[in-house]
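# Coordinate analysis (summary)
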Amino acid sequence: MHWLNPTGERKVHSLVDKVYKLKNLELAWDKVKRNRGAGGIDDQSIADFGRDLEGNLLKLHEELRSQTYHPQPVKRRLIPKSGQPGKFRPLGIPTVYDRVCQQALKNRLEPIFEPIFDDASFGYRRGRSAKDAMRKIWGELEQGYEWVVDADLKDFFGSADHDKLMELVNQRVSDGRVLNLIDSMLTADYSEDGHTHPTVRGVPQGGKWKAFHLPPYEYLLVMKSIGLKPCSSLDVRPIDFA
């Protein structure tokens, strides 16, 4: 079943030219600059990138246009988990150059997928927050629901299946160049302790793809894990927030 395209709407066929359009790259840079953050494996900082902004954006434009763009390995760092002494989670830090590319792609993909995300999904969506999720839960309680079940997906970011992600994206986008670009970002190597490793599963916490894939993919995993189908007659109200 095409969960993200149940009515068989026409897919987006031509998208990559809108991704590498210079105006879109400029908007992507503005967002990356506002978010700040550390440099990636090449140690290039936000300030370094900005010193030759025109040259960097033109280079990225040409690489995307000519299909010669290849993301660099993602720098991985372990950071402590809040409230869990001795436990860590991996943080992925793409290069500034790759973050601009990711944001440029997200700028074009978000309007395609945002309208079809479930209204009860609050994680990594523009204009939605944990407080909005709590208001939603409180509203369900006021309607008579009595039980709240708090569930978490173990190692969600580290175990996300690339093939399933690409299958979901392909339900709405058929531009092969964009699909190849997404796949190259998902499978980019990661660097840790001076060694480079292949990425066979998962999405780095720190890149833009955690925001893009989570709402539809997490919903599919949750439904499958408890044996439910979208048309289930069970009266449940799933609400998600990462």
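Everything discussed here concerns the structure shown above.
Report follows, based on the coordinates. Think of each chain on its own: its residues are numbered from 1, step by step along the sequence as written. Selection of residues for local features in this predicted model requires a pLDDT of at least 70, selection of side-chain atom pairs for listing and counting requires 80 or more, and totals for whole chains, interfaces and linings are taken over all residues. Note that the side-chain values use all heavy atoms of the structure and ignore hydrogens as well as water.

### Comments concerning unusual backbone geometry
Even without being a glycine, R36 presents a positive backbone phi close to 55 degrees. Only DSSP runs of H or I reaching four residues or more are called helices, and only runs of E reaching two or more are called strands; each is numbered from the N terminus. By the secondary structure assignment, R36 is in the loop between α2 (22–35) and α3 (46–51). On the basis of relative accessibility, which here comes to 64%, the residue R36 falls in the exposed class. The phi dihedral of Q67 falls on the positive side, at around 60 degrees, and the residue is not glycine. Mapped onto the elements of the fold, Q67 is located in the loop between α4 (53–65) and β1 (74–80). Here the term buried applies to any residue with accessible area under 20% of the maximum for its type, exposed to any over 50%, and partly exposed to those in between, with areas from a 1.4 Å probe on protein chains only.

### Observations regarding the sheet that holds strand β3 (residues 190–192)
Here, strands pair whenever DSSP counts at least two bridges between them. Overall, mixed pairing links the four strands, which are arranged β2-β1-β3-β4 in an open sheet. The open sheet has two free edges, formed respectively by β2 (88–93) and β4 (195–197), since each of these has just one partner strand. When strand polarity is set aside, the average angle formed by the axes of neighbouring strands in this sheet is 40 degrees. Sheet analysis places β1 next to β3, joined by two bridges and oriented parallel. Note on β3: the bridge partner recorded for K75 is S191. Fitting a line to C-alpha atoms yields each axis, with helices limited to the stretch in contact; the angle taken between N-to-C directions then spans 0 to 180 degrees.

### A few points about a nonpolar patch on the surface
A grouping of W138, L141 and V148 is seen on the molecular surface, where their side chains present a nonpolar patch of about 310 Å² in accessible area. As for its position among the elements, W138 is in helix α6 (residues 130–142). Owing to a relative accessible area of 54%, W138 belongs among the exposed residues under this scheme. To count toward a patch, a residue needs a relative accessible area over 30% and no salt bridge; like charges are then connected within 9 Å, while nonpolar side chains (Val, Leu, Ile, Met, Phe, Trp, Tyr) are connected within 5 Å. A 1.4 Å probe and the Shrake-Rupley method give the accessible areas. Residues count as covered only by the protein chains that appear here. Every case where a carboxyl oxygen of Asp or Glu lies within 4 Å of a side-chain nitrogen of Lys or Arg is listed as a salt bridge.

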